[in-house]
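# Working through the structure, step by step
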Amino acid sequence: MMDRAETMRRVAVIGVGHSTFGVRGDVTLQELAWEAIAEALKDAGLTQKDIEVSVVGVVGTREYELMPAVPVNDYAGLTHVGPIRVEAACATGLAALTTAHNYVASGMADIALAVGVEKMTEVDTATSLAVGGRAGNYLWEFHFVGTTMPAQYALYASAHMARFGTTEEHMALVAVKNHRHAARNPKAHFQYEVTVEEVLGSRPVAWPIKLLDSSPISDGAAAAVLASEDAVRRLGVDVPVWVSGIGYSSETPNMVRRPHYVGLEATVRAAAMAYKRAGISPTDVEVAEVHDAFTIAEIMAYEDLGFVEKGMGGKFVAEGQSDLGGKVSVNVSGGLKGKGHPLAATGLSMVYEIVKQLREERERGRQAPLKRYVGLAHNVAGIGHQAYVVVLRR
Amino acid sequence: MALTSLKEKIDEAVKQQLRLVDAVVGSTGFPIVPDQKTGDPQWIDVRELPLRYMLSLGGARKFFEGLAGGKLQATRCRACGTVYFPPQVDCPRCRVSDVEWVDVGEEGELVTWTVINVKPLTFSHHGDYVVGIVRMPIGVNVLAWISVGDPSGLRPGQRVRLVVGRREPEGYVTYWFEVPH
């Protein structure tokens, strides 16, 4: 790895914003993005004139506005400072954060804004499923085989079960935990808890994945304001949260060309890069938002991020080690599973949660106990087509 | 089911919705309907955008010639020996574009599988289908349907046999695996 970290400037997150996630038929795409941008600006104590570059992450396709970045940026009063549009499928949020970070780290800007927004409910569920199923490799997977995103994760779940004895109950425990947190997060899509029995008894989507193993189709937006160390000092930011290390990688979009189906190699590589740049090891991480698009994805994430050895992810959740206050407090926001997964918003929603956690600003029953103040966000595109890992420290 | 009849089925469902929009436009002059759950006003896009792509086959054209002849083929780089499935005619590994077409073989080992219950619209006329990844003797994996009555008996490492044929009701030439008795 070429690492020029010593020549880059330190970058902090100084403001975060988050819309309510869910089926948001009450607002336009622009209004939805503004909910997050307005909160992020207010949180940073800044206005649009302080922003030197805006990065707009949006996947699109499911929105009627096919080139949404400019309308979103304009509505938010940021017309002259962007937008730089970023797209990395479900990992667009952290890709947008990375892009904004790099503007500041390189010295091209002192203060940058990253927003991720998605309105997924402007098409029907069947169309949304088809758009996801076409991702990455249309002819060889979708045309011939009719794969869907849940089916791709199901191929991994099935292999993980056969190889390591992971069970449908283990996966259900992830849903139970994340719904528990979502029910305490006023901005989450799902405001209710579920039981293991309810998850196991829910409608099959792609065996062994059931409806309650799956993240919902959600609308939402999240934003972050990033600043250089100079700007942090100049602005007198009380509690800057530093972007301590960013890692990224990708994997073949061809399911058949992958070496195995028990973990995401893109996550393993992205995590190694992020840990190296941050100068930490996986055991230093106290609070993490991981990409639980399906419950098996969270189990694999424990392993691929190094929280537990490969194959032990099911046991990890069953022992409560990923609970609030466990070895690592994982998805205390409710995760994609409970909070919702508006594609481009997800990565920045993770940053929002980790920043609030590290500032110890969370609601009762959702604040992770911290000693080292090390948090992590893990955002995946497709089924590990791309992965971003960001280490944040107070 | 031919493409046209599947399209008719989908169109019929859409038409029912559009009749409602027509009625609303007739009375109010706007294609605005209340959301069924929340009542929030929703503008129905009346400038329909039919998206039907044309995919250039490029180097894969030979694959379909092979499939028409009952063969499932991969490509192998003549310079470095890398085998590609899905086939590709350029080898990024050694940057040479000189491949030969090779059969993937007839029998392989099941690696992993799932049963697709919730299907994309264009597969909705099929019953639940089993999709698996199979390791073939030439060292590539193939993703395809597994023709099996009860998938709960499937095991990793199980031998399955490749079949090339037409899949009804559409009649598309494709490939799938069968479990030998």
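See the structure printed just above.
Attention in this report is confined to the structure presented alongside it. Computed from a predicted structure; not experimentally measured.

### A closer look at the overall build of chain A
Across its full length, chain A carries 14 helices and twelve strands. Relative to the 2.2 N^0.38 estimate, which gives 21 Å for 394 residues, the radius of gyration of chain A is 19 Å and therefore close to what a compact globule would have. Considered along the principal axes of its C-alpha atoms, chain A spans approximately 55 × 45 × 40 Å. A total of 394 residues make up chain A; the buried ones form 64% of that total. Taking as baseline every contact in chain A between residues at least 6 positions apart, the subset at least 24 positions apart corresponds to 76%. Carbon together with sulfur atoms contributes 53% to the accessible area of chain A, which is approximately 13100 Å² in total. Averaging the positions of the 38 positive and the 44 negative side-chain charges in chain A gives two centres separated by 3 Å.

### Brief notes about the environment of T98 of chain A
Examined against the element boundaries, T98 of chain A turns out to sit in helix α3 (residues 92-106). Setting aside anything within four residues of it in sequence, one finds T98 of chain A in contact with I246 and Y388 of chain A.

### A few points about the nonpolar core
The biggest cluster of nonpolar side chains holds 130 residues, and the ones touching the most others in it are Y153, F307 and L392 of chain A together with F85 and Y175 of chain B. In terms of residues, this core owes the most to one element, helix α6 (residues 149-164) of chain A, which gives nine residues. Two domains share this core, each providing at least three of its residues, namely domain 1 (57-103) and domain 2 (105-181) of chain B. When residues no more than four places from it in sequence are discounted, the contact partners of F85 of chain B are V256 and R257 of chain A together with F63, L72, Q73, A74, V104, V140, N141, V142 and Y175 of chain B. Counting residues in hydrophobic clusters, the runner-up holds 30 residues, among them L46, I51, V72 and L113 of chain A.

### So, the interface of chain A and chain B
Opposite the 36 residues of chain A that make contact, chain B presents 44 residues. The largest contributions to the chain A side of the interface with chain B come from W140, F144 and V256 of chain A, which together make up 23% of the buried area. Viewed at the interface, chain B and chain A are joined by zero salt bridges. Inspection of the region where chain A meets chain B yields 18 residue pairs in polar contact (both at pLDDT 80 or more). Breaking the side of chain A that touches chain B down by element, the ones donating at least two residues are α4 (125-133), α5 (138-145), α6 and β5 (204-207) of chain A. Broken down by element, the side of chain A that touches chain B gets its largest block of residues, eight residues, from α5 of chain A. Residue classes in the side of chain A that touches chain B are distributed as 22 nonpolar, eight polar and six charged. Here β5 of chain A runs beside strand β6 (residues 107-116) of chain B; their pairing, made up of two bridges, is antiparallel. When the sheet's bridge partners are listed, W207 of chain A is paired in β6 of chain B with V115 of chain B.

### Considerations on the pairing of strand β8 (residues 141-147) of chain B
All names here are of chain B. Counting buried positions along β8 yields six of seven residues, so the element is predominantly enclosed. In this sheet, β8 lies alongside strand β7 (residues 129-135) in antiparallel orientation, the contact comprising five bridges. Of the residues in β8, the one forming a bridge with I133 is L143. In sequence, β7 turns back onto β8 through a hairpin of five residues, with G139 there showing a positive phi of about 95 degrees. In the sheet, β8 pairs with strand β10 (residues 172-178) via three bridges, with the strands oriented parallel. Residue pairing in the sheet places W145 in a bridge with W176 of β10.

### Focus: the sheet that holds strand β4 (residues 83-84) of chain B
Residue and element names in this part refer to chain B. The antiparallel open sheet is built from three strands, whose spatial order is β4-β3-β5. Each having just a single partner strand, β4 and β5 (99-103) make up the two edges of the open sheet. Note that strand β3 (residues 73-77) and β4 share two bridges and pair antiparallel. By the bridge assignment, T75 is partnered in β4 with Y84.

### With respect to the pattern of salt bridges
Summed over the entire model, instances satisfying the criterion amount to 33 salt bridges over all chains. The closest approach of N and O atoms between D26 of chain A and R24 of chain A, which form a salt bridge, is 2.9 Å. Accessibility expressed as a relative area gives 9% for R24 of chain A, which makes it buried. We note a salt bridge from R19 of chain B to E12 of chain B, for which the minimum N-O separation is 3.8 Å. Since its relative accessible area comes to 36%, E12 of chain B is described here as partly exposed. Connected through shared salt-bridge partners, D43, K356, R359 and E361 of chain A make up one network.

### A short note on the sheet that holds strand β4 (residues 111-119) of chain A
Residue and element names in this part refer to chain A. Within the open sheet, the ten strands sit side by side as β3-β2-β4-β7-β1-β8-β12-β11-β9-β10. Their pairing is mixed. Two strands close off the open sheet at either side, each with one partner strand: β3 (84-86) and β10 (329-330). With eight bridges joining them, strand β11 (residues 374-381) and strand β12 (residues 386-393) adopt antiparallel strand pairing. Looking at β12, one finds that H378 is bridged to V389. Running at roughly 145 degrees to strand β8 (residues 241-250), helix α10 (residues 265-278) makes contact with β8, β11 and β12 of the sheet.

### Observations concerning the packing of helix α7 (residues 168-182) of chain A against helix α11 (residues 295-304) of chain A
Residue and element names in this part refer to chain A. Contact geometry for α7 and α11: axes closest at 8 Å, N-to-C directions at 95 degrees. Here α11 runs roughly perpendicular to α7, going by the angle between their axes. Along the contact surface, α7 presents H170, M171, V174, A175, K177 and N178, while α11 presents T295, I296, E298, I299 and Y302. When the residues that make up the contact of α7 with α11 are grouped by side-chain class, the tally is six nonpolar, three polar and two charged.

### What to know about the side chain of H101 of chain A
Mapping H101 of chain A onto the fold places it in helix α3. Not counting the four nearest positions on each side in its chain, H101 of chain A is found in contact with M8, V11, L226, V243 and I246 of chain A.

How each quantity is defined
- Residues numbered from 1 in each chain as written.
- Chains lettered and ligands numbered in written order.
- Predicted model: local features only at pLDDT ≥ 70, side-chain atom pairs only at ≥ 80, totals over all residues.
- Heavy atoms only, no water.
- Helix = DSSP H or I, 4+ residues; strand = E, 2+ residues; numbered from the N terminus.
- Rg over C-alpha atoms; globule rule 2.2 N^0.38 Å.
- Buried < 20%, exposed > 50% of the residue type's maximum accessible area, 1.4 Å probe, protein only.
- Contact = heavy atoms within 4.5 Å.
- Areas by Shrake-Rupley, 256 points an atom, 1.4 Å probe, with all protein chains shown as cover.
- Lys, Arg positive; Asp, Glu negative; His and termini not counted.
- Charge placed at Lys NZ, Arg CZ, Asp CG, Glu CD.
- Core = buried A, V, L, I, M, F, W, Y, C linked by side-chain atoms within 4.5 Å.
- Domains from an automatic or database assignment.
- Buried area = accessible area lost by both parts, 1.4 Å probe.
- Salt bridge = Lys/Arg side-chain N within 4 Å of Asp/Glu carboxyl O.
- Polar contact = N/O pair within 3.5 Å; in protein donor to acceptor, adjacent residues only side chain to side chain.
- Nonpolar A, V, L, I, M, F, W, Y, C, P; charged D, E, K, R; others polar.
- Pairing = 2+ DSSP bridges.
- Axes fitted to C-alpha atoms, helices over the stretch in contact; angles between N-to-C directions.
- Parallel < 35°, antiparallel > 145°, perpendicular 65-115°, else oblique.

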